[in-house]
Amino acid sequence: MKVHSIIADLRVPDIEGSREFYADYLGLGVEEFNLGWVARFTSAETGAHLQVVTKDATAPVDAVISVKVDDVDAAYAEAIERGFEIVHPLTDEEWGVRRFFVRAPDGNVLNIVAHRE
């Protein structure tokens, strides 16, 4: 498995209420997507980005980061092999990603994800 990028997933009470701070004040004005419960804001100038999440739509907990990988199936198999706790099973989500949640030994939950081709 190769990691392509890591995106912070910040828990917020309201996506729209967060827009003024993250998009306007911090300059992350490009809204790459908004599913109502998660949105990604990006700087057009630098590419810096973050995701804000109210509550994950299909998982039982919220992740602290999303880790984009080249082979999510291999990442899942290795997590199982290493005995890591799978919090959300490997799933093809309706918004076009294949993902699972794994709990790191320190207790943090990570969203391991790849876009379906």
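Report on the accompanying structure. Predicted, not measured: the structure shown is a model, and the values here were computed from it.

Remarks on the overall build of the protein
1) Next: Counting its regular elements, the protein contains 2 helices and 8 strands.
2) Next: By the compact-globule yardstick of 13 Å for 117 residues, the protein fits well, its C-alpha radius of gyration being 14 Å.
3) Next: Counting only C-alpha atoms, the protein reaches 45 × 30 × 25 Å along its principal axes.
4) Next: Out of the 117 residues in the protein, the part that is buried amounts to 36%.
5) Next: Taking the intrachain contacts of the protein between residues at least 6 apart in sequence as the baseline, contacts between residues at least 24 apart amount to 46%.

Digging into the packing of aromatic side chains
1) Next: The full count for this structure, using the stated rule, is 4 aromatic pairs.
2) Next: Centre to centre, the rings of Phe-21 and Tyr-25 are 5.1 Å apart; their planes meet at 40°, and the pair counts as tilted. In this pair, Phe-21 and Tyr-25 are both assigned in helix H1 (residues 15–25), 4 residues apart and thus about one turn of the helix distant.
3) Next: What makes Tyr-25 exposed here is its relative accessible area of 61%.

Regarding the sheet that holds strand S4 (residues 49–53)
1) Next: With respect to topology, 8 strands assemble into an open sheet ordered S2-S3-S4-S1-S5-S8-S7-S6, the strand pairing being mixed. Bordering the open sheet on either side are strand S2 (30–34) and strand S6 (85–92), each of which pairs with just one other strand. The mean angle between the axes of side-by-side strands here comes to 25°, regardless of whether they run parallel or antiparallel.
2) Next: By the bridge criterion, 3 bridges tie strand S1 (residues 3–11) to S4 in an arrangement that is parallel. Among the inter-strand pairings, Arg-11 is bridged to a residue of S4, identified as Val-53.

Reading the values: the criteria
Residues numbered from 1 in each chain as written. Predicted model: local features only at pLDDT ≥ 70, side-chain atom pairs only at ≥ 80, totals over all residues. Heavy atoms only, no water. Helix = DSSP H or I, 4+ residues; strand = E, 2+ residues; numbered from the N terminus. Rg over C-alpha atoms; globule rule 2.2 N^0.38 Å. Buried < 20%, exposed > 50% of the residue type's maximum accessible area, 1.4 Å probe, protein only. Contact = heavy atoms within 4.5 Å. Phe/Tyr/Trp six-rings, centres within 6.5 Å; stacked < 30°, edge-to-face > 60°. Pairing = 2+ DSSP bridges. Axes fitted to C-alpha atoms, helices over the stretch in contact; angles between N-to-C directions.

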